[in-house]
Amino acid sequence: MQNLDKNFIGSIPEFYDTYLVPLIFKEYADDLASRVLAGTSNKILETAAGSGVVTRALANKISSSSEYIVTDLNQPMLDHAQAQQPHRDNLTWQQADALNLPFDDHQFDVVICQFGVMFFPDKLIAYSEVNRVLKPQGRYIFSVWDCIENNVLADLVTQAAGTVFPDDPPMFMS
Ligand SMILES: C[S@@+](CC[C@H](N)C(=O)[O-])C[C@H]1O[C@@H](n2cnc3c(N)ncnc32)[C@H](O)[C@@H]1O
């Protein structure tokens, strides 16, 4: 994967949220939110939150006594997410690298990450970090996409976009 693929900056947050979120991510966000609510969720950490589709699906459903910290590596994605989200006292936005979480050990009941782990350059470190910040018996709920050959829509879109931009084909989904 090219290094550029982890830079969700510039015009990307707005285009991502406007086009990719309704096409791909919204339905999974609703599903993930329901899984969070099915268990203990007094203190929630979200990593790689992107433009906030999961946060929007979850924030207004948790108890006002729950704490929800929303993080992403790229501040522009978080800025976009925060701008879409009504203020809530129990919601905190914080830039954070999933490989080096700026939180103490055993803080969270649940850590969530929708379609972020594929972008983490060292999966073992990223999973270790989750294990470190989770309380004993805490839950890690994440989603990940399969290789592009098994994703018909993503494969077709990538191939079609590649014919339009043959010198710089978008590799985001592959
Ligand atoms: C495909 S997007 C998913 C965003 C959001 N969770 C969603 O479902 O729409 C991947 C996200 O991973 C973030 N990301 C990439 N590398 C990261 C890292 N090392 N730590 C935290 N976030 C990272 C990107 O900034 C981007 O917002």
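Residues numbered from 1 in each chain as written. Predicted model: local features only at pLDDT ≥ 70, side-chain atom pairs only at ≥ 80, totals over all residues. Heavy atoms only, no water.

**Side note on the site of the ligand**
Note the following rule: Proximity is defined per residue: any heavy atom of the residue falling within 4 Å of a molecule or strand makes that residue near it. Polar contacts, as counted here, are pairs of nitrogen or oxygen atoms within 3.5 Å of one another; within protein the pair requires one atom able to donate a hydrogen and one able to accept it, and residues that are adjacent in sequence qualify only if both atoms are side-chain atoms. For the area figures, the Shrake-Rupley method with a 1.4 Å probe applies, and any residue is considered shielded solely by the protein chains shown.
Lining the immediate environment of the ligand, one finds 20 residues, of which Tyr-16, Ala-48, Asp-72, Asn-74 and Gln-114 sit closest. Separating a nitrogen atom of the ligand from a backbone N or O atom of Ala-48 is a distance of 2.8 Å. For the ligand, a nitrogen atom lies 3.3 Å from a polar atom in the backbone of Leu-73. Burial of the ligand by the protein chains amounts to 99% of its free accessible area of 590 Å².

**Considerations on the sheet that holds strand β3 (residues 91-95)**
Quick note on the threshold: Two strands pair if DSSP finds at least two bridges between them. A helix here means a DSSP run of H or I that spans at least four residues, while a strand means a run of E at least two residues long, and both kinds are numbered starting from the N terminus. The angle between two axes is taken between their N-to-C directions and runs from 0 to 180 degrees, where each axis is a line fitted to C-alpha atoms and a helix contributes only its stretch in contact. Should any heavy atoms of two residues lie within 4.5 Å, those residues are considered in contact.
With parallel pairing, the five strands of this open sheet are ordered in space as β3-β2-β1-β4-β5. Strand pairing shows two members of the sheet lacking a second neighbour, β3 and β5 (134-143), which therefore form its edges. Here the strands of the sheet are splayed against their neighbours by 20° on average, with no regard to which way each runs. Across the sheet, helix α3 (residues 75-84) lies against β2 (67-72) and β3, angled at about 160° from β3, the strand it touches most. Along the sheet face, helix α4 (residues 123-133) touches β1 (43-46), β4 (108-114) and β5 and points at about 140° away from the line of β5.

**Thoughts on the pairing of β3**
Definition in use: Crossovers are marked right-handed if the path from the first strand over the helix to the second runs clockwise, as seen with the strands pointing away from the viewer.
Here β2 pairs with β3 via five bridges, running parallel. Each residue of the ladder has a partner; that of Tyr-68, found in β3, is Leu-91. Tracing the backbone out of β2, into α3 and back to the parallel element β3 gives a crossover that is right-handed.

**Here we look at the side chain of Thr-158**
Short version of the rule: Each residue is placed in one exposure class: buried if its accessible area under a 1.4 Å probe, protein chains only, is under 20% of its type's maximum, exposed if it is over 50%, and partly exposed if it falls in between.
Inspection of the secondary structure assignment puts Thr-158 in helix α5 (residues 152-164). On the accessibility criterion, Thr-158 (14% relative accessible area) is buried. Other than its neighbours up to four places away in sequence, Thr-158 contacts Ile-148, Pro-170 and Met-173.

**Here's the deal with the packing of helix α1 (residues 12-37) against α3**
Selection rule: By definition in this entry, angles of less than 35 degrees are roughly parallel, angles greater than 145 are roughly antiparallel, angles of 65 to 115 are roughly perpendicular, and the rest are oblique. A clockwise turn of the near helix away from the far one marks a right-handed crossing, whereas an anticlockwise turn of less than a right angle marks a left-handed crossing. Just so you know the grouping, Ala, Val, Leu, Ile, Met, Phe, Trp, Tyr, Cys and Pro go in nonpolar, Asp, Glu, Lys and Arg go in charged, and all remaining residues, Gly too, go in polar.
Running from amino to carboxyl end, α1 crosses α3 at an angle of 50°, the nearest separation of the two axes being 9 Å. By the angle between their directions, the pair α1 and α3 is classed as oblique. Like other packed secondary-structure pairs, α1 and α3 cross with a definite hand, here right-handed. Along the contact surface, α1 presents Pro-13, Glu-14, Tyr-16 and Asp-17, while α3 presents Pro-76, Met-77, His-80 and Gln-84. When the residues that make up the contact of α1 with α3 are grouped by side-chain class, the tally is four nonpolar, two polar and two charged.

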